[in-house]
Amino acid sequence: MRAVRCREPGDLDVLEWTEIDDPEPGPGEVLVEVAASAVNRADLIQRMGFYPPPHGVTDTLGLECSGRIAVLGDGVSGWQVGDEVCALLAGGGQAELAVVPVGQLMPIPAGVDVVTAAALPEAGCTVWSNLVQVAGLQSGESLLVHGGASGIGTMAIQVAAALGATVIVTCGSQDKLEHCRELGASYAVNYRDEDFVAATRDATNGRGADVILDIMGAAYLDRNVQALATSGRLVIIGMQGGVRGELDIATLLGKRGAVHATSLRPRPLPEKAAICRAVVDGLWPLVSSGDVKPVIAATFPMSHVAAAQQLVEDSGHIGKVILTAAP
Ligand SMILES: NC(=O)c1ccc[n+]([C@@H]2O[C@H](COP(=O)([O-])OP(=O)(O)OC[C@H]3O[C@@H](n4cnc5c(N)ncnc54)[C@H](OP(=O)(O)O)[C@@H]3O)[C@@H](O)[C@H]2O)c1
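Residues numbered from 1 in each chain as written. Predicted model: local features only at pLDDT ≥ 70, side-chain atom pairs only at ≥ 80, totals over all residues. Heavy atoms only, no water.

J.: Explain the site of the ligand residue by residue, including any values.
T.: The environment of the ligand is made up of 26 residues, and the closest members are Arg41, Gly172, Lys176, Tyr191 and His317. Threonine 262 places a main-chain nitrogen or oxygen 2.8 Å from a nitrogen atom of the ligand. Measuring from an oxygen atom of the ligand, one finds a backbone N or O atom of leucine 264 at 2.9 Å. The cavity that encloses the ligand is the largest pocket. Mapped onto the shell around the ligand, the elements with two or more residues apiece are helix H2 (121-134), helix H3 (151-162) and strand E9 (166-171). Its residues assigned to classes, the shell around the ligand shows nine nonpolar, 13 polar and four charged. (Near = heavy atom within 4 Å. Polar contact = N/O pair within 3.5 Å; in protein donor to acceptor, adjacent residues only side chain to side chain. 1 Å grid on protein atoms, 1.4 Å probe; cavity = no way out; pocket = protein on both sides within 12 Å on 5 of 7 lines; lining within 4 Å. Sits in = over half its atoms within 2 Å of the grid points. Helix = DSSP H or I, 4+ residues; strand = E, 2+ residues; numbered from the N terminus. Nonpolar A, V, L, I, M, F, W, Y, C, P; charged D, E, K, R; others polar.)

See the structure below:
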């Protein structure tokens, strides 16, 4: 089969769409004939050599895929060869064939085509696990999402709005702000020329945000704590603004606030399976009803993976960038 690999750590020119041996599913795994995958910012970091796959996972890129089941491994029940599926992966989705632990296999939500379904697993699992399971976001609460136009952000806006929360986002351009409003954000802040702490207070009658979903890490830590409401929950899922910051404990304590930090890829299989089940039960009905729509910025064949990663590297996209396996 052909797969997206990096010849060595480096720039976009190390990416190749190349022949490698077909993978084989072990016990508890299935082999999926891949229709599509999607680019995640983590792919760029892996390509540069800073985010290796967990032990035992292929170094073929791709944290998600969609397609049809081709082979069932030993002990797999509840699925049939030919079923259309999408899957959360620790790697290997950007290939013609992908091995999937059965707990990370999900049906495609009704009304979504098999290629578009590749946009859902990573953003769906990240957003649902952090907003619902970690932060316990409730109807009537407020959510501040940084990077509202990202793959994660476009999903978070729609999920939070569907749950009845008021959504505030940050983005870096007028075009992105407008898109986020169309997706359900009530307030959109251009982080390049506005202070998101003041904007969040204005949007919440001075209370601050009940939940913050953060991708910037150190650069936003202090201002995120300032922007938090009493009993607020800050959930950090990215470090685009650095890894070491200073936490204002006095302010956090005064607000009885919580700071969480989570990552999805290295979790044990049972934890990922539990997240996938929660996503199928809770999020897929919102997708099927049209309350949450996959947002696709562009679609490239996997052979053009460098162009797809370039688009994400330049932040020229809104939502997800899809890669199709068909030539
Ligand atoms: N922990 C986990 O389990 C987990 C799982 C999935 C993803 N993530 C993280 O979530 C983040 C988003 O992932 P993705 O694949 O959706 O990436 P993406 O689509 O490439 O989005 C990155 C976004 O960051 C925005 N951005 C850059 N500087 C910003 C700033 N100063 N303030 C606010 N936004 C800013 C960019 O938009 P502008 O043009 O508006 O700047 C862009 O939309 C990444 O950091 C990724 O590592 C974490």
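J.: Break down the nonpolar core for me, citing the residues and quoting the values.
T.: Counting residues in each nonpolar core, the largest one holds 49 residues, and the members touching the most others are Leu131, Val169 and Leu283. Ranked by the residues each element gives to this core, the list is headed by helix H8 (residues 269-288), at eight residues. When near neighbours in sequence (up to four residues on either side) are disregarded, leucine 131 contacts Gly136, Leu137, Leu143, Ala156, Ala160, Val211 and Leu213. Counting 29 residues, the second largest nonpolar core, distinct from the first, contains Val4, Trp79, Val100 and Met302. (Core = buried A, V, L, I, M, F, W, Y, C linked by side-chain atoms within 4.5 Å. Buried < 20%, exposed > 50% of the residue type's maximum accessible area, 1.4 Å probe, protein only. Contact = heavy atoms within 4.5 Å.)

J.: Could you give an account of the packing of H2 against H3, with specific residues and numbers?
T.: Orientation of H2 relative to H3, taken along the N-to-C sense of each, is 50°, at an axis distance of 9 Å. When the interaxial angle is binned, H2 and H3 end up oblique. For H2 against H3, the interelement crossing comes out right-handed. Here Glu122, Ala123, Gly124, Thr126, Val127, Trp128 and Leu131 of H2 lie close against H3, whose contacting residues are Gly151, Ile152, Met155, Ala156, Val159 and Ala160. Taken together, the residues that form the contact of H2 with H3 break down as nine nonpolar, three polar and one charged. (Axes fitted to C-alpha atoms, helices over the stretch in contact; angles between N-to-C directions. Parallel < 35°, antiparallel > 145°, perpendicular 65-115°, else oblique. Left-handed = near helix turned anticlockwise from the far one by under 90°.)

J.: Quick rundown of the sheet that holds strand E13 (residues 258-261)? Include the residues and the values.
T.: Taken in spatial order, the six strands make up an open sheet running E10-E9-E8-E11-E12-E13, and their pairing is parallel. A strand with exactly one partner marks an edge of an open sheet, and here the two such strands are strand E10 (187-190) and E13. With strand direction ignored, the average angle separating the axes of adjacent strands in the sheet is 15°. The pairing of strand E8 (residues 142-146) with E9 spans five bridges and is classified as parallel. Within E9, the position partnered with leucine 143 by the bridge is valine 167. (Pairing = 2+ DSSP bridges.)

J.: Explain the layout of surface pockets to me, using residue names and the numbers behind them.
T.: In this model, the largest pocket occupies a volume close to 1300 Å³. In this structure, the largest pocket is lined by 49 residues; those nearest its centre are Arg41, Ile215, Ile237, Gly238 and Gln240. In terms of residue count, the dominant contributor to the lining of the largest pocket is H2 (six residues). Residue composition of the lining of the largest pocket, grouped by class: 23 nonpolar, 19 polar and seven charged. Counted as a void, the second largest pocket has a volume near 450 Å³. Breaking the lining of the second largest pocket down by element, the ones donating at least two residues are strand E6 (97-101) and H8. Sorting elements by how many residues they give to the lining of the second largest pocket places E6 first, with four residues. (Points joined across faces, edges and corners; volume = space filled by probe spheres on them.)

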